[in-house]
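Structure assessment
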Amino acid sequence: MNQTAHVVLVGYGEVGTKSSSVRAKMEARLRTNLQAVLDDRSLPGRVEREWSRLLVRDAADADAVAAACAEVPGVVWARPCVACDPVLDDIVATCRTLASDHPDGASFAVDADRVGDADQHGFTSSDLEREAGSAVVDATGAPVDLDDPDRSYRIECREETAYLSVRRFDGPGGLPLGTQGRAVSLVSGGIDSPVATWELMRRGCEIVPVYVDLGDYGGADHRARAIETVRTIARRAPNADMRVHVVPAGDVVERLMETVEDTRMLSLRRAMLAVAAEVATDEHAHSIVTGESLGQKSSQTGENLAVTEAAVDYPVHRPLLTRDKTDIVAAARDLGTYDDSTLPVGCERVAPSFPETNASLSAVEAAEPDDLFDLAAEAARERVVVSPDGD
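Residues numbered from 1 in each chain as written. Predicted model: local features only at pLDDT ≥ 70, side-chain atom pairs only at ≥ 80, totals over all residues. Heavy atoms only, no water.

**Observations regarding the packing of helix 9 (residues 264-283) against helix 13 (residues 372-381)**
Short version of the rule: Angles shown run from 0 to 180 degrees and are taken between the N-to-C directions of axes, each axis being a line fitted to C-alpha atoms and, for helices, limited to the stretch in contact. What counts as a helix is a DSSP run of H or I of at least four residues, what counts as a strand is a run of E of at least two, and both are numbered from the N terminus. For classification purposes, angles smaller than 35 degrees are called roughly parallel, those larger than 145 roughly antiparallel, those between 65 and 115 roughly perpendicular, and all remaining angles oblique. Crossings are assigned a handedness: left-handed for a near helix turned anticlockwise from the far helix by less than a right angle, right-handed for a clockwise turn. It only takes one pair of heavy atoms within 4.5 Å for two residues to be counted as in contact. Residues are grouped as follows: nonpolar covers Ala, Val, Leu, Ile, Met, Phe, Trp, Tyr, Cys and Pro; charged covers Asp, Glu, Lys and Arg; every other residue, Gly included, is treated as polar.
As a packed pair, helix 9 and helix 13 sit with axes 9 Å apart at the nearest point and diverge in direction by 45 degrees. Taken as axis vectors, helix 9 and helix 13 run oblique relative to one another. The interaxial crossing formed by helix 9 with helix 13 has right-handed handedness. Together, Ser267, Arg270, Ala271, Ala274, Val275 and Glu278 of helix 9 and Leu372, Phe373, Ala376, Ala377 and Ala380 of helix 13 make up the contact between the two elements. Here the residues of the contact of helix 9 with helix 13 sort into eight nonpolar, one polar and two charged.

Here it is, written out as structure tokens:
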């Protein structure tokens, strides 16, 4: 029997629904992105394409490789596997070997797929499940539970190789990063914007992070937290340019503090979007991303979102628009950005005592200083680009 360990299968979902030409391009991009993550983390492994899967061969630490692959946009799952010849006896023997560490008392199921001509294999998927299941029972005495097993023995039998696994690392799904152009994301250092940034990344967009420094109303700690959240996300895409564009907007805030009262936060949001639009033009991005959620703050009511968005011609994507705050917090924890996002944001000090929640565009424009967008454009031109790794 010929067995090979140290193989990781990587599965994708939506990529497989595309036309053959688009699918080939997306598979190639996903392969590149996976290899970049492994190389960045010094994890040995060689990413290859085989049928409707990507494989990582020579993965010395298959669990670590699978866990890393499962962080990459476009990946639905990754499985550390043992490969063997596509022969019934060999597959059953391999499954029995995998059962050597079966947890005491744990139930199990066998899930098998045989791909290829029946004449070539001489057995069906049902044969695999029955024979491999009997081997696990003989080796462990474990009970079978087809509905909710504690452990699943997964078998993929292809024409030349069979792959067996007992662990699955779930990925984010979506599309490979770099297949849907570029978007500018306003990152504030709060909980929401990193999650919104990640949602666009998992839909294939490369991100240009922009941090608007509020001067005395922000602070070095706040800036550091924002950059740290970007660094955390950038680990999932080390071959993407995730440098942060830091925009000095202290003069913009001071001007608003001097001139605008109840609609001040709306004008600040409009100025931030104007900054993002300037960066988008320079960086050839197609849209702007924010972490806004409908009704979460006074500036994020339906009417106020319409007023702020009117400041720019670029599409403004709000992937968290309908998400509850508890869901966003949970997503931030899963993403690993929550702890670095809990510093109070500086713009809270800018908010008026009685903010307008149902503003009209004409009223907001009338209250704004005439030079607001000139100041925003000047701030964007004075931006500095900072590596999230501090390089």
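Having put the structure on the table, let's press on.
**Here we look at the domain arrangement of the protein chain**
By a widespread convention, an interface's size corresponds to the accessible area lost as its parts come together. Let me state the cut-off plainly: Domain start and stop positions are those given by an automatic or database domain assignment. When two parts are brought into contact, each loses some accessible area as probed by a 1.4 Å sphere; the total of that loss over both is the buried area. When a carboxyl oxygen of Asp or Glu lies within 4 Å of a side-chain nitrogen of Lys or Arg, that pair is called a salt bridge. As used in this structure description, the phrase polar contact means that two N or O atoms lie within 3.5 Å; if the pair is within protein, one of them must be able to donate a hydrogen and the other to accept it, and residues adjacent in sequence are counted only when both atoms belong to side chains.
Each domain of the protein chain was delimited in the assignment, giving domain 1 (5-170) and domain 2 (182-386). Computed from C-alpha coordinates alone, the two centres of domain 1 and domain 2 are separated by 42 Å. Each partner contributes to the interface: domain 1 provides eleven residues, whereas domain 2 provides nine residues. Each partner contributes to the roughly 860 Å² buried at the junction of domain 1 and domain 2, and carbon and sulfur atoms together form 43% of this total. The largest per-residue losses of area from domain 1 upon contact with domain 2 belong to Arg41, Glu71 and Pro73, which jointly make up 47% of the total buried on that side. For the pair domain 1 and domain 2, the number of links is two salt bridges. In this structure, the salt-bridge partner of glutamate 206 is arginine 29, at a minimum N-O distance of 3.0 Å. Where domain 1 touches domain 2, the interface holds five residue pairs in polar contact (both at pLDDT 80 or more). Looking at the side of domain 1 that touches domain 2 residue by residue, the classes come out as four nonpolar, two polar and five charged.

**With respect to a negative patch on the surface**
What counts here: Every patch collects residues that have over 30% relative accessible area and no salt bridge, joining them within 9 Å if they carry like charges and within 5 Å if they are nonpolar side chains (Val, Leu, Ile, Met, Phe, Trp, Tyr). Areas reported as accessible are Shrake-Rupley estimates using a 1.4 Å probe. Residue values count occlusion only from the protein chains shown. When charges are counted, Lys and Arg contribute as positive and Asp and Glu as negative, whereas His and the chain ends are disregarded. Each charge is placed at NZ for Lys, CZ for Arg, CG for Asp and CD for Glu.
Together, Asp216, Asp251, Glu254, Glu258, Asp374, Glu378 and Glu382 line one region of the surface with negative charge. Counting only elements with at least two residues in the negative patch, the list comes to helix 8 (250-259) and helix 13. Along the chain, the position of glutamate 254 falls in helix 8.

**Quick notes on the pattern of salt bridges**
Heads up, the rule is: We call a residue buried when its accessible area falls under 20% of the maximum for its residue type, exposed when it is over 50%, and partly exposed in between, using a 1.4 Å probe and counting protein chains only.
Under the definition given, this model contains 33 salt bridges. Of the charged contacts in the structure, one is a salt bridge between aspartate 113 and arginine 154, with a shortest N-O distance of 2.7 Å. Placement of aspartate 113 in strand 5 (residues 108-114) and of arginine 154 in strand 6 (residues 151-157) is noted, with a sequence separation of 41 residues between them. Taking the relative accessible area as the measure of exposure, aspartate 113 reaches 35% and is therefore partly exposed. On the basis of relative accessible area, arginine 154 is assigned to the buried category, the value being 10%. A salt bridge links arginine 383 to aspartate 282; the nearest nitrogen and oxygen atoms lie 3.1 Å apart. One end of the pair, arginine 383, is in the loop between helix 13 and strand 14 (384-386); the other, aspartate 282, is in helix 9, with 101 residues separating them in the sequence.

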